[in-house]
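Now for the letters of each chain:
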Amino acid sequence: MARPSVLDRLPVTPPALMRRLAIAAVVAQIGIAVTGSVVRVTGSGLGCPTWPQCFPGSLVPVAHPETLPLHQWVEFGNRILAIVLVVVSAACFLAALGARPRRRRLLWLAAAMPLGVVAQAVIGGLTVLAGLVWWSVMPHFLASIVLVWLAVELVAEARDRAPTRPVVPRAVRALVIVSTVALGALLVAGTLVTAAGPHAGDAATPRLGIGVPALAQLHADLLFGYLGLVVGLGFALWATGATPRLRRRYGVLVLVVLLQGALGGIQYALGVPEALVSLHVLGAALVTAAAAAVWTATRTPVAAAPDAATGTRAADPAGAPTGAGTADAASASRPLADAATGRDEP
């Protein structure tokens, strides 16, 4: 009899714990993006001028005649939050290793959390060493947005705990993909506006040499294009009888996109005040999370069919049995019945 591997000896992770950790990863990824914007708008980007130390020879802020204490502690606070993100990300990966049955996609998504934190730390270090030049700050924010999306995918995978199948026609799925690409372009344009704007993170940092009005117009044009795709998606979901869960998530997406668009217009009209910049970054992260939630809701878990001879359900792809008897047969058919009738789990 083969001896169990080291991974097999890990404590089994309760599904509820896995999902809570995944939700914590979403919150932490959004939080680090927002605090990063606070660093930028307060001019604290070089409050800790070295990395990984704050000052040469010190990991924490120290009195310095050329750096205000406020700038030091704002930047250092962002680094502390990064440590919290490291803990949450590592916990997600360890919990995924203990999930039963072990699922490859869950492992990959969970592994993306700590790997993303490492990548962000490297990008952040290079950004500081480059003096916060605009082209180094852009990937720092965009990487956070990608990790927010992956964290939402992790929540869905922790919830489904089974292979999934589409609940929308292929044309609707294609529209979701196109709108996601448009959202990516919209977010990139937003970073270009920031790169040319007044909030560089440090007064001496050179800015992108393109006029803010032209870039803001590009950003607005892409927003209207994205809104058009979102409206079209709504009609498509209505025409194809989308599940209640998908309709709810679509409604949340519409709400946060409209609020984000209104906030962007107010922010531009008022001359880009610092507080609204951080709120706009929060809005961008929330729009990303809402769009990712819509993406994941276009699929639903499919349970294994019951074995006619034994009355038990076949093993899942990882080889672990999923249950037995009449009750399991009923639960196995429920996701398919719900998809057919439009009902869905909460």
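Residues numbered from 1 in each chain as written. Predicted model: local features only at pLDDT ≥ 70, side-chain atom pairs only at ≥ 80, totals over all residues. Heavy atoms only, no water.

**Student:** Any chance you could explain the overall build of the protein chain here in plain terms?
**Tutor:** Each helix and strand in the protein chain was counted, giving nine helices and two strands. Across the 346 residues in the protein chain, those meeting the buried criterion constitute 43%. Excluding contacts between residues fewer than 6 apart, the proportion of contacts in the protein chain whose partners are at least 24 apart in sequence is 74%. Element-wise, carbon and sulfur atoms account for 73% of the exposed surface of the protein chain, whose accessible area totals about 17,200 Å². (Helix = DSSP H or I, 4+ residues; strand = E, 2+ residues; numbered from the N terminus. Buried < 20%, exposed > 50% of the residue type's maximum accessible area, 1.4 Å probe, protein only. Contact = heavy atoms within 4.5 Å. Areas by Shrake-Rupley, 256 points an atom, 1.4 Å probe, with all protein chains shown as cover.)

**Student:** Teacher, can you tell me more about the confidence of the model for the protein chain here?
**Tutor:** Detail in the predicted coordinates should be disregarded across regions flagged by low pLDDT. Summary statistics for the protein chain give a mean pLDDT of 81 and a share of 82% for residues scoring 70 or more. Ranking the elements of the protein chain by mean pLDDT puts helix α9 (residues 325-341) last, at 38, and helix α7 (residues 244-269) first, at 94. Every residue in residues 304-346 is under pLDDT 50, and counting partners more than four places away or in other chains gives 52 contacts. (pLDDT = per-residue confidence, 0-100.)

**Student:** Sorry if this is basic, but what is going on with the nonpolar core here?
**Tutor:** Most often, soluble globular proteins keep nonpolar side chains buried together rather than apart. In this structure, Leu154, Tyr226, Leu237 and Leu253 are the most contacted members of the largest nonpolar core, which totals 61 residues. Looking at this core, the elements that each hand over two or more residues are α1 (15-41), α2 (69-98), α3 (104-129), α4 (134-160), α5 (170-196), α6 (212-239), α7 and α8 (274-297). Sorting elements by how many residues they give to this core places α8 first, with twelve residues. With near-sequence residues (within four places) excluded, Leu154 lies in contact with Met18, Ala22, Cys92, Leu106, Leu109, Ala110 and Met113. Core analysis: the next-biggest nonpolar cluster, separate from the first, contains five residues, Val193, Ala195, Ala196 and Leu208 among them. (Core = buried A, V, L, I, M, F, W, Y, C linked by side-chain atoms within 4.5 Å.)

**Student:** How do you make sense of a nonpolar patch on the surface when you look at a structure like this?
**Tutor:** Together, Val118, Val122, Leu126 and Leu129 make up a nonpolar patch on the protein surface, roughly 400 Å² of accessible area in all. If you trace the backbone, Val118 turns up in helix α3. (Patch = residues over 30% accessible without salt bridge, like charges linked within 9 Å, V, L, I, M, F, W, Y side chains within 5 Å. Salt bridge = Lys/Arg side-chain N within 4 Å of Asp/Glu carboxyl O.)

**Student:** Quick question: what am I supposed to make of the side chain of Ser89 here?
**Tutor:** Its place among the elements puts Ser89 in helix α2. A relative accessible area of 1% means that Ser89 is categorised as buried. Those residues within four positions of Ser89 in sequence are excluded, and the remaining contacts are Gln29, Ala110, Met113, Pro114 and Val117.

**Student:** Sorry, what's going on with the packing of α7 against α8 here?
**Tutor:** For any two helices packed against each other, one specifies the inter-axial angle together with the distance between the axes. For the pair α7 and α8, the least separation of the axes is 9 Å and the interaxial angle reads 160 degrees. One way to sum up the angle between α7 and α8 is to call them roughly antiparallel. Pair α7 / α8 crosses with left-handed handedness. For the contact of α7 with α8, the per-class residue count stands at 19 nonpolar, six polar and two charged. (Axes fitted to C-alpha atoms, helices over the stretch in contact; angles between N-to-C directions. Parallel < 35°, antiparallel > 145°, perpendicular 65-115°, else oblique. Left-handed = near helix turned anticlockwise from the far one by under 90°. Nonpolar A, V, L, I, M, F, W, Y, C, P; charged D, E, K, R; others polar.)

**Student:** Please clarify how the environment of Tyr226 should be interpreted in this entry.
**Tutor:** By secondary structure assignment, the location of Tyr226 is in helix α6. For Tyr226, a relative accessible area of 2% translates into the label buried. Remark: the alpha-carbon pair of Tyr226 and Ala182, spanning 44 residues in sequence, is separated by 5.8 Å. Non-local contacts of Tyr226, meaning those with residues more than four positions away in its chain, are made with Ser179, Ala182, Leu183, Leu186, Leu253, Val257 and Ala291.

**Student:** Help me understand the packing of α1 against α2, please; the structure alone is not making it clear to me.
**Tutor:** Closest axis-to-axis distance for the α1/α2 pair is 9 Å, and the angle between their directions is 160 degrees. One element, α1, and the other, α2, form an angle in the roughly antiparallel class. By crossing handedness, the relation of α1 to α2 is classed as left-handed. Taken together, the residues of the contact of α1 with α2 break down into 18 nonpolar, six polar and one charged.

**Student:** Help me out: how do you make sense of the pattern of salt bridges in this one?
**Tutor:** One side chain can pair with another of opposite charge once the charged atoms of both are near each other. Per the counting criterion, the structure on display carries five salt bridges. Across the salt bridge formed by Glu157 and Arg105, the nearest N and O atoms sit 3.0 Å from each other. With Glu157 in helix α4 and Arg105 in helix α3, the pair connects residues that are 52 residues apart, well separated along the chain. Judged by its relative accessible area of 8%, Glu157 falls in the buried class.

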